[in-house]
Amino acid sequence: MWKRTPLALLNLIHDRRKFLTSVGGVAFAVLLMFLFSGFKNALYDSQLQLLERLNGEIIMINRLKTNMFVPRAFARRRLYQVRSFEGVEAAYPLYINDANWRNPETQQTRPVRVLAFNLADPILRIPEVSHYLADLQLPETALIDTNSRPEVGPTIAGIESELSERRLKIIGTFTMGTDFASGNGNLIMSDQNFLRYFADRGPEEDPRSFATADLGLIQVTPGFPVDRLVETLQAALPNDVLVLPRDGPEGFVIRERRYWEENTNIGFVFTLLTSMSFFVGIILVYQILYTDVADHWAEYATLKAMGYSNLFLLGVVLQEALILSILGFIPGFAVGGLLYTVTGNVTGLLFQMTWGRILNLLGLTFVMCLVSGAIAVRKVQATDPAEVFGG
Amino acid sequence: MENNVGMITPSGGATTLAPAQDQSLQPPNPDLAVQIQHLDYFFGSGDLRKQALFDINLALPRGQIVIMTGPSGSGKTTLVSLIGALRTVRQGSLRVLGQELVGLGERDLVTVRRNIGFIFQGHNLFESLTARQNVEMSVELTGQFNTKRAQAEAMLGKLGLADRVGYKPNALSGGQKQRVAIARALVNHPQLVLADEPTAALDKQSGRDVVTLLQTLAREEGCTVLMVTHDNRILDVADRIINLVDGRLASDTSPDGYLQANAAVTC
Ligand SMILES: Nc1ncnc2c1ncn2[C@@H]1O[C@H](COP(=O)(O)OP(=O)(O)O)[C@@H](O)[C@H]1O
Ligand SMILES: [Mg+2]
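Residues numbered from 1 in each chain as written. Chains lettered and ligands numbered in written order. Predicted model: local features only at pLDDT ≥ 70, side-chain atom pairs only at ≥ 80, totals over all residues. Heavy atoms only, no water.

**Student:** Talk me through the overall build of chain B; I want residue IDs and the actual numbers.
**Tutor:** Secondary structure summary: chain B contains nine helices and ten strands in total. Relative to its 267 residues, chain B shows a buried fraction of 50%. Across chain B, the fraction of contacts at a sequence separation of at least 24, relative to all contacts at a separation of at least 6, is 67%. For chain B, the accessible surface area stands at approximately 11900 Å², while carbon and sulfur atoms represent 50% of it. (Helix = DSSP H or I, 4+ residues; strand = E, 2+ residues; numbered from the N terminus. Buried < 20%, exposed > 50% of the residue type's maximum accessible area, 1.4 Å probe, protein only. Contact = heavy atoms within 4.5 Å. Areas by Shrake-Rupley, 256 points an atom, 1.4 Å probe, with all protein chains shown as cover.)

Right, dumping it as C-alpha cells:
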C-alpha cells in the first residue's frame, strides 16, 4: 500500500495555487463551523460559570427559580433545618442581587450582579477570594470580576466608584465571566456589606435581609450518598424549596443549561449556521474534486483501460477528499482557536476549545469531505475507457 | 419485425438474429492472439440502434504486426476497443489471448485488459507524475512494488528516455510523451498491443521514430500489435495491412500488396 504511487496526493498538489486555494476553502468552512458552534457553546457554557464554582454537592433554591435569571429567594431557615440531617456537613446561604454600578471613567451606570456571603463560609471555588477575606470585612468594599464587560470600566484593585448610589471601593479582583443573569459583570462582597447596599433601597425595590437567601449550598459528609440525601431533604422540607444535586444528569448545572437550550433560539440559530457552513464546505470540496476528475478524465479512463478497477479510482478520489479535510482542518482549527481567544476577550463569553469539540468538528470535516468525494466519484465511475480511444 | 424485437429487448434483439446467420464457429486456436468470428456490433438501442461492425472475421497470429486503415467513421476505433475488452460484446465470437470475451461482465473484462498494452492518440499521462511514476502506475497493477522502479527505468531506457525518467510530461516533447506512453503500455510485457492512431498528434519525424521503436520492441518481446493509422509513410513496419470500410473488412494484404493496390487505384 505504501509503495503505491501516491496519485491522490500528487494530483492535489500538482497545481500549487489551486491546491492552496482548495485547502484555504476547506479551512474557511472549518473555521466557520468552529466559530458558529463556538458561539453556541460559549453562550451555554457561560451560563454555567457561576454554577460550576458553587462549593457544595447539593443546591437549595426557591421552587419558582427556574433559572438564574429569576430573582426568587427562599426562607433561610430551611437551610438551618437541613443542618440537623445525617449526611449534611454544612449548609450556607448565598445572596445575589442586581445593582447599578457607576463606571468610574464614563460615569454611566450599568447593572451588575452582586454575590455575597458570610466570609467564614467557603461558598465559592474562586481561589482569589481567600486572599482578600480580611479586607472584605471592611465596610463598602468588594472584589470585581476581571471578565466583566468593558462597560463597567477598569477592573483593577483601587477603583472607587458607586454601587446603588453608595460609595464602593474595589479592593481586589477575581476571574469568572458574564452570563445572561449577571448584567455587565460580577462583584463579590461580604454579607454584612450586602445589607448595607440592599437592606433599604427606597420604595421601588424590595428590601433584602438575612431572612431570605438566593442559593443554599449543602456540603455532604464525605462518603454519604448524595442522591439519597437529596431525596431525604426534599421529602422532609416544604414544597417552597427545591433541593437538587449540583452535578449529574438531573443536577442544578445541567438544569440551567437545559433551560437556555429549550427556551431560546440560540441553539437553533447557531446549529443552522453551523450546518450551513458544513454544506458550503461540501459544495466547495465537491467542486474541487469534480474539477480534478473532469480535468484528468482521459487519464483516469486510461487507468481503467490499463486494468484498474472502479474501486481503485474511487479510492483515489476519497483519498483526495481525506487529504483535503485534514490539511484544511489544521489551519481552520488554528485560526479558530485564535478567534476563540479574541472573541472571548471582547464579549466576556466563555469560549472553550475542548477535546470533545475538536474531535467532533474533525469528524464533521471528514464527513464533509467524504460526502463530496462520494458525489464526485460518480463522475469517475461514469468514465468509459472506450471513449479515450480515437479522441 | 427486427425493429420490434429490438425495441422490446434492445440487448437481446440480435440474439434472436444469431441463428438466422447460421454460421458455424471455428474451434479456439492457441496460435492466434486474436480470433474474431462473425462479430457484429451495435451502438445505441431501440430506434437509435446503429450497426457499426458487420460480420467481422479476423485472425491475428501471435507475433504479427498489423496495421488497420480505413476511412474515418469506418469502425476502426470500435473494433480496437472491442478487442481491448473496453466494451461488452454480445454477438459472434471474440477470443483475445485465448479468452472468449463475448458474454463477459465488467469485472472479467478488467482482468483481460491487464494483459493488453494500450496506446492512444493522446498520451494521457498524469501531469502530476514523472515519466517514471507514470510507467510505474502500470507495473503496480502486477503487484511488483519492489522492482517497479527498475522495471520502469529499464523500459524508459529502451525507448531512449533514460535521461528523462524524472521529468514531468510538461517538460517533455510530444514524441517523448508518446514514448513514455509506449513504455507504460509495454512495461508489463503484454502479449497484445493495441494502438489507435498513436502518431496522429506528432510531427513526421517523431511519428516515424515512435513507430520504429514500437516495432523494434514488439519484435523483441514477440508481442502482437494491432495499430490503427492513416499515416501511409509508416505502413512498412507492418507484416500485414487490413482495411476497414463501413464496418466491414474490405481488404487484408501484405504492405507491398496494399501499396500496389492503392497505387493502381490512384493511377
Ligand atoms: N459511442 C458511440 N455511440 C454511437 N455511435 C458511435 C459511437 N462511437 C462511434 N460511433 C459510430 O460508429 C461508427 C464507427 O466509429 P469509429 O469506430 O470511431 O470509426 P473510426 O475509428 O474508424 O473513425 C461511426 O459511424 C460513429 O459515428
Ligand atoms: Mg477512430
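Moving on, there is more to tell.
**Student:** So what's going on with the environment of Ala 157 of chain A? Which residues, and what values?
**Tutor:** Residues and elements named next belong to chain A. Within the element layout of this structure, Ala 157 appears in the loop between β5 (141-145) and β6 (160-163). In the structure, Ala 157 is positioned 15 residues away from Ala 142 in sequence and 9.5 Å away in space, judged by C-alpha atoms. Here Ala 157 is in contact with Ile 170, Ile 171, Gly 172 and Thr 173, once residues within four sequence places are set aside.

**Student:** Before we move on, could you go through the nonpolar core and cite the residues and values that matter?
**Tutor:** Residues Leu 303, Leu 324 and Met 368 of chain A are the most contacted members of the largest nonpolar core, which totals 49 residues. The biggest single contributor to this core is helix α2 (residues 16-47) of chain A, with ten residues. Those residues in contact with Met 368 of chain A, other than ones at most four positions away along the chain, are Val 26, Ala 29, Met 33, Phe 278, Gly 281, Ile 282 and Val 285 of chain A. Ranked by size, the runner-up nonpolar core spans 39 residues in total, among them Ala 301 and Ala 386 of chain A together with Leu 94 and Leu 192 of chain B. (Core = buried A, V, L, I, M, F, W, Y, C linked by side-chain atoms within 4.5 Å.)

**Student:** Which residues make up the layout of surface pockets, and what values go with them?
**Tutor:** Residue and element names in this part refer to chain A. Space inside the largest pocket adds up to approximately 460 Å³. By residue number, the principal contributor to the lining of the largest pocket is strand β3 (residues 88-102), which donates three residues. Here the lining of the largest pocket is composed, by residue class, of ten nonpolar, four polar and eight charged. (1 Å grid on protein atoms, 1.4 Å probe; cavity = no way out; pocket = protein on both sides within 12 Å on 5 of 7 lines; lining within 4 Å. Points joined across faces, edges and corners; volume = space filled by probe spheres on them. Nonpolar A, V, L, I, M, F, W, Y, C, P; charged D, E, K, R; others polar.)

**Student:** Tell me about the sheet that holds strand β9 (residues 240-245) of chain B, and name the residues and values.
**Tutor:** Residues and elements named next belong to chain B. Read from one edge to the other, the open sheet built from six strands follows the order β6-β7-β8-β3-β9-β10, with strand pairing classed as mixed. Pairing within the sheet leaves two strands with one partner each, and these edge strands are β6 (116-119) and β10 (248-253). Strand after strand, the sheet turns through a mean of 20° between neighbouring axes, direction not considered. Packed on one face of the sheet, helix α7 (residues 174-186) meets β6 and β7 (192-196) and runs near 165° to β6. (Pairing = 2+ DSSP bridges. Axes fitted to C-alpha atoms, helices over the stretch in contact; angles between N-to-C directions.)

**Student:** Residues and numbers for the interface of chain B and chain A, please.
**Tutor:** Facing 32 residues of chain B, the contacting portion of chain A comprises 28 residues. Linking chain B with chain A are one salt bridge, by the criterion used here. Where Glu 140 of chain B meets Arg 4 of chain A, a salt bridge forms, and the shortest distance between an N and an O atom there is 3.7 Å. Taken together, chain B and chain A are joined by eight residue pairs in polar contact (both at pLDDT 80 or more). Of all elements in the fold, only α3 (76-83), α4 (106-113), β6, α5 (131-139) and β7 of chain B reach the threshold of two or more residues within the side of chain B that touches chain A. Of the residues forming the side of chain B that touches chain A, the biggest block, four residues, is contributed by α5 of chain B. Classifying every residue of the side of chain B that touches chain A by side-chain character gives 13 nonpolar, nine polar and ten charged. (Salt bridge = Lys/Arg side-chain N within 4 Å of Asp/Glu carboxyl O. Polar contact = N/O pair within 3.5 Å; in protein donor to acceptor, adjacent residues only side chain to side chain.)

**Student:** Could you give an account of the side chain of Asp 121 of chain A, naming the residues involved and the relevant values?
**Tutor:** Residue and element names in this part refer to chain A. Mapped onto the fold, Asp 121 is located in the loop between β4 (109-117) and α4 (133-136). For the buried Asp 121, which has no salt bridge, the nearest side chain bearing the opposite charge is Arg 83, at an N-O separation of 5.6 Å. Residues contacting Asp 121, with those up to four places away along its chain left out, are Tyr 92 and Pro 93. (Lys, Arg positive; Asp, Glu negative; His and termini not counted.)

**Student:** I'd like to hear about the confidence of the model for chain B, residue by residue, with values.
**Tutor:** Residues and elements named next belong to chain B. Of all residues in chain B, 90% have pLDDT values of 70 or greater, and the mean over the chain is 87. Throughout residues 1-21 the model reports pLDDT below 50, and contacts reaching past four residues in sequence, or to other chains, amount to 15 contacts. The ipTM, which scores confidence in the relative placement of chains, is 0.84 for this predicted complex, and the corresponding pTM is 0.77. (pLDDT = per-residue confidence, 0-100.)

**Student:** Tell me what's going on with the pairing of β5 of chain A, and back it up with residues and numbers.
**Tutor:** Residues and elements named next belong to chain A. Along β5, five of the five residues are buried, which leaves the element largely enclosed by surrounding structure. Of the two faces of β5, both are covered, the one formed by Thr 141, Leu 143 and Asp 145 as well as the one formed by Ala 142 and Ile 144. With five bridges connecting them, β5 and strand β7 (residues 166-174) associate as parallel partners. Residue pairing in the sheet places Leu 143 in a bridge with Gly 172 of β7. Relative to strand β8 (residues 186-190), β5 is paired through two bridges, and the arrangement is antiparallel. Counterpart to Ile 144 in the pairing with β8 is Leu 187.

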